[in-house]
Each structure stands twice: as structure tokens, then as C-alpha cells.
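Analysis of the macromolecular model
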Amino acid sequence: MKHPVAKSVGWALVHAARLHRTRVGERLNGLGLFPGQEQVLQALVGGKTLTMGELAGLLRVKPPTASKTIARLAAQGLVQRATEPGDARIVVVRLPEEGARRAASIDNLWNEVEDELLQGFDNKDRKRLRKLLRKAAKNLAGSTSDEGESLDEDPDADDIEDAPAIASVG
């Protein structure tokens, strides 16, 4: 007899998300990144310049967490930090060429993992699954004080490296 949790949609979703996160993590490791760091690079794609506060808000983490992650990425030459002219308290972040190249590699990685995830699904099934997951996320976002502005990140994640990497940012 199967355990009752085996019929739980929530359990199946968590299980699939963990497997997805593991697969993405393995591939990010090949790029020299930890899960969550890709979200920073993708948030800055297209020449965007964000303040540390804006970046923390977008990623839904605390400013010290964003700062620590930016420091790690800057040490690898994947982001550049600079103070805002006229107010040295404000730090802005942007992608240099190497960061932009790595972000492009992340897009490819995400596409590969998504193809693996959805192997055997036809386009109708893919569209339906995407729609159902968005609806489920909206339901959960509506039941919290978070107004569901972004369904891509975990609002309770304290560390970008520990935050779910379920969808790209930006």
C-alpha cells in the first residue's frame, strides 16, 4: 500500500523541484557557479545596472546576502561594482563581457535541463503544465502577505545560494 503522501500534488511538486534544482546545480557547477548566482547574472542581462538594494529586492533576499553574492561574483570577474556618482553610499552592479557570456551559457543550460524535464511532453502538455503551475503559485502567493509580484523566487530564502532556482530572473 502506498503512503498517503505519494498521492500528494505538493509532495510530487517538491520532489520534481528538488531533482530539477540538483540537475541545474550540477550544470552550474560546470560553469563555476553555485545555484542562485545565475539569478544575479540573469537579472543584469541586457546592460542593466541595478543598485544593491534593487538587486536584493528583485531576488527577494536581504541586502547583506546580495552583497555577499555580488562579492563572490565580482571576485570571478562576472560582475562589476561601482559607487553612484554623487553618493558613495549607493553601489551599482552591472555585467562585464565575461558576465554576459556566462549569462548566455546559463540560458543554454536552462534550456537543456527544461528539455530533459519535459521529455515526452507534447506542446499541449507543456503549455498546460506551465499554466497549472502558474495558477498554483498564484494561489499560494495570494495566501501570504507577499502580493505575488514575482512567482519565480522564494520570498523566505535568506541566501541566494540556498534559494530555489526554479525560473530565471529578468
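Residues numbered from 1 in each chain as written. Predicted model: local features only at pLDDT ≥ 70, side-chain atom pairs only at ≥ 80, totals over all residues. Heavy atoms only, no water.

Turning our eyes to something else, we now look at the nonpolar core. One finds Val-40, Leu-41 and Val-79 to be the most contacted residues of the largest nonpolar core, which totals 25 residues. Of all the secondary structure elements, the ones that give two or more residues to this core are α1 (9–30), α2 (37–43), α3 (52–59), α4 (63–75) and α5 (97–117). Ranked by the residues each element gives to this core, the list is headed by α5, at five residues. (Core = buried A, V, L, I, M, F, W, Y, C linked by side-chain atoms within 4.5 Å. Buried < 20%, exposed > 50% of the residue type's maximum accessible area, 1.4 Å probe, protein only. Helix = DSSP H or I, 4+ residues; strand = E, 2+ residues; numbered from the N terminus.)

Here we take up the pairing of strand β3 (residues 87–94). The sheet contact formed by strand β1 (residues 50–51) and β3 spans two bridges and is antiparallel. Across the sheet, the residue bridging to Thr-51 is Val-92, located in β3. Here strand β2 (residues 80–84) folds back onto β3 in antiparallel fashion, the turn holding two residues, of which Gly-86 has a positive phi close to 90 degrees. (Pairing = 2+ DSSP bridges.)

Pairing is possible between side chains that carry opposite charge, provided their charged atoms lie close to one another. For the coordinates displayed, the defined rule picks out eight salt bridges. The partner of Arg-23 in a salt bridge is Glu-116, and the shortest N-O contact between them spans 2.9 Å. A residue pair is termed long-range when its members are at least 10 positions apart, and Arg-23 in helix α1 and Glu-116 in helix α5 qualify at 93 residues. Classification of Arg-23 as partly exposed rests on a relative accessible area of 32%. Judged by its relative accessible area of 32%, Glu-116 falls in the partly exposed class. The partner of Arg-102 in a salt bridge is Glu-98, and the shortest N-O contact between them spans 3.3 Å. A residue pair is termed a helical-turn pair when its members lie 3 or 4 positions apart in one helix, as Arg-102 and Glu-98 do in helix α5 at four residues. Via salt bridges that share partners, Arg-23, Glu-26, Arg-27, Glu-112 and Glu-116 belong to a single interconnected network. (Salt bridge = Lys/Arg side-chain N within 4 Å of Asp/Glu carboxyl O.)

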